[in-house]
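# A look at the structure
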Amino acid sequence: MDITSVFFAIVTIVAIVSALLVVTCKNPINSALSLVLTFFCLATYYAMLDAPFMAAIQIIVYAGAIMVLIVFTIMLLNIRVDANKKHTHQIVLGSVIGIVTLLLAGLFIIKGNVAAPTGPITPEMIAQYGHTELIGTVMFTEFLLPFEVTSILLLAAMVGAVVLAKKKLS
Amino acid sequence: MDNLNNYLLVSAVLFSIGTIGVLTRKNAIVVFMCIEMMLNAVNLSFVALSRHLGNLDGQVFVFFIMTVAAAEAAVGLALFISFFNNRESIDIDDANLMKW
């Protein structure tokens, strides 16, 4: 068992435990902090997969920007911790659906066969040119139109957030 | 390269945990965080397959998914604030105006 497998196992355990904590914590703040830990584990996976740019924007965008928004909203709304309402049927049904999803996906992954490497990108090439440069080349040639459409999406989201959250002018 | 299945299995586990959270929790913000976790699980399989197939298109997709998630976070949290101002609660059971 080499060092990479051990590291992968540790990161996997942390990722899954923190993901379970997101679902089970009573207090939304604890869920949010566990979610940050899950995001860091995913960034570690990206780094292990030779995708350092993805790891960087995972931490900057998700663990930074989005989680700050969520924590800020939790703080702003000042919600109390869940009352002891029991929804047993909902929990049982939801868990059954989740576990069936996991079993089906696991079956497909284990039985299925992913095609052999076809593209030109190799880890040596990433080491030589740099991941960011290769991503940028693809994004600004092949995916230029989706990139520009994304800017319109962000503008619409910005306007939408301002309109929705402002106080009514009475 | 042999450990592609490990990454895909981790992705499946995270996605399922997110599904359970969306279906069982009542707090709208926790449901929202679980949706973010499901998006991230899909991102992980995109990156793993992109690495396995030697093609960067999957990672560009991850970039766009992150952009959509950021837009969703901004609008969704604004909706929660607006909902809270009207109902004094963010329990998803209180969003029942369109219920039969």
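Residues numbered from 1 in each chain as written. Chains lettered and ligands numbered in written order. Predicted model: local features only at pLDDT ≥ 70, side-chain atom pairs only at ≥ 80, totals over all residues. Heavy atoms only, no water.

### Describing the overall build of chain B
A tally of regular secondary structure across chain B gives three helices and zero strands. Taken from the N to the C terminus, the helices and strands of chain B come in the order α-α-α. Taking 2.2 N^0.38 as the reference for a compact globule, 100 residues should give roughly 13 Å; the C-alpha atoms of chain B span a radius of gyration of 17 Å, well beyond that estimate. Taking contacts inside chain B between residues at least 6 apart in sequence as the whole, the part at least 24 apart equals 53%. Within the structure as shown, chain B displays about 4000 Å² of accessible surface, and the carbon and sulfur contribution to it stands at 65%. (Helix = DSSP H or I, 4+ residues; strand = E, 2+ residues; numbered from the N terminus. Rg over C-alpha atoms; globule rule 2.2 N^0.38 Å. Contact = heavy atoms within 4.5 Å. Areas by Shrake-Rupley, 256 points an atom, 1.4 Å probe, with all protein chains shown as cover.)

### Let's talk about the domain arrangement of chain A
All names here are of chain A. When the domains of chain A are assigned, the result is domain 1 (1–82) and domain 2 (122–170). Look at where the C-alpha atoms of domain 1 and domain 2 centre, and you get two points 22 Å apart. Across the contact, five residues belong to domain 1 and five residues belong to domain 2. The junction of domain 1 with domain 2 conceals about 420 Å² of combined surface from both sides, 78% of it contributed by carbon and sulfur atoms. The residue inventory of the side of domain 1 that touches domain 2, partitioned by class, reads four nonpolar, no polar and one charged. (Domains from an automatic or database assignment. Buried area = accessible area lost by both parts, 1.4 Å probe. Nonpolar A, V, L, I, M, F, W, Y, C, P; charged D, E, K, R; others polar.)

### A short note on the pattern of salt bridges
Applying the stated criterion across every chain, the model contains two salt bridges over all chains. Across the pair Asp50 of chain A and Arg51 of chain B runs a salt bridge whose closest N-O atoms are separated by 2.9 Å. With Asp50 of chain A in the loop between helix 2 (28–48) and helix 3 (52–77) and Arg51 of chain B in helix 2 (residues 28–53), the pair connects residues from two separate chains. Since its relative accessible area comes to 24%, Asp50 of chain A is described here as partly exposed. (Salt bridge = Lys/Arg side-chain N within 4 Å of Asp/Glu carboxyl O. Buried < 20%, exposed > 50% of the residue type's maximum accessible area, 1.4 Å probe, protein only.)

### Focus: the side chain of Asn40 of chain B
Here Asn40 of chain B shows up in helix 2. Discounting chain neighbours no more than four positions away, the residues touching Asn40 of chain B are Phe39, Leu42, Tyr46, Gln58 and Tyr62 of chain A.

### Some points on the interface of chain A and chain B
The partner chain B presents 68 residues to the 79 residues of chain A that form the contact. Regarding the contact of chain A and chain B, the summed buried area is about 6500 Å², with carbon and sulfur atoms giving 77% of it. Counting across the interface, chain A meets chain B through eight residue pairs in polar contact (both at pLDDT 80 or more). Broken down by secondary-structure element, the contributors of at least two residues to the side of chain A that touches chain B are helix 1 (3–24), helix 2, helix 3, helix 4 (88–111), helix 6 (131–139) and helix 7 (144–165) of chain A. Counting residues per element, the side of chain A that touches chain B draws most heavily on helix 3 of chain A, which supplies 13 residues. Looking at side-chain class alone, the side of chain A that touches chain B contains 55 nonpolar, 17 polar and seven charged residues. (Polar contact = N/O pair within 3.5 Å; in protein donor to acceptor, adjacent residues only side chain to side chain.)

### Considerations on helix 1 of chain A
The terminal C-alpha atoms of helix 1 of chain A, which comprises 22 residues, lie 32 Å apart, in line with the 32 Å expected from a rise of 1.5 Å per residue. All buried positions along helix 1 of chain A are accounted for by Phe8, Val11, Thr12, Ala15, Ser18, Ala19, Val22 and Val23 of chain A. Seen end-on, helix 1 of chain A carries its buried residues on one side only, within an arc spanning 145°. Among the exposed residues of helix 1 of chain A, those oriented more than 90 degrees off its buried face are Ile3, Ile13 and Thr24 of chain A. For helix 1 of chain A, the elements touching its buried residues are helix 2 of chain A together with helix 1 (4–24) and helix 2 of chain B. (Expected span 1.5 Å × (residues − 1). Arc of directions from axis to C-beta.)

### Re a nonpolar patch on the surface
All names here are of chain A. Among the surface-exposed residues, Met1, Val6, Ile10, Val14 and Leu37 lie close enough to one another that they form a single nonpolar patch of about 480 Å² accessible area. Examined against the element boundaries, Val14 turns out to sit in helix 1. Judged by its relative accessible area of 32%, Val14 falls in the partly exposed class. (Patch = residues over 30% accessible without salt bridge, like charges linked within 9 Å, V, L, I, M, F, W, Y side chains within 5 Å.)

### Details of the confidence of the model for chain B
Close inspection of predicted coordinates is inappropriate for parts of the model with low pLDDT. When pLDDT is averaged across chain B, the result is 90; 98% of the residues are at 70 or more. With a pTM of 0.90, the predicted complex shows an ipTM of 0.92. (pLDDT = per-residue confidence, 0-100.)

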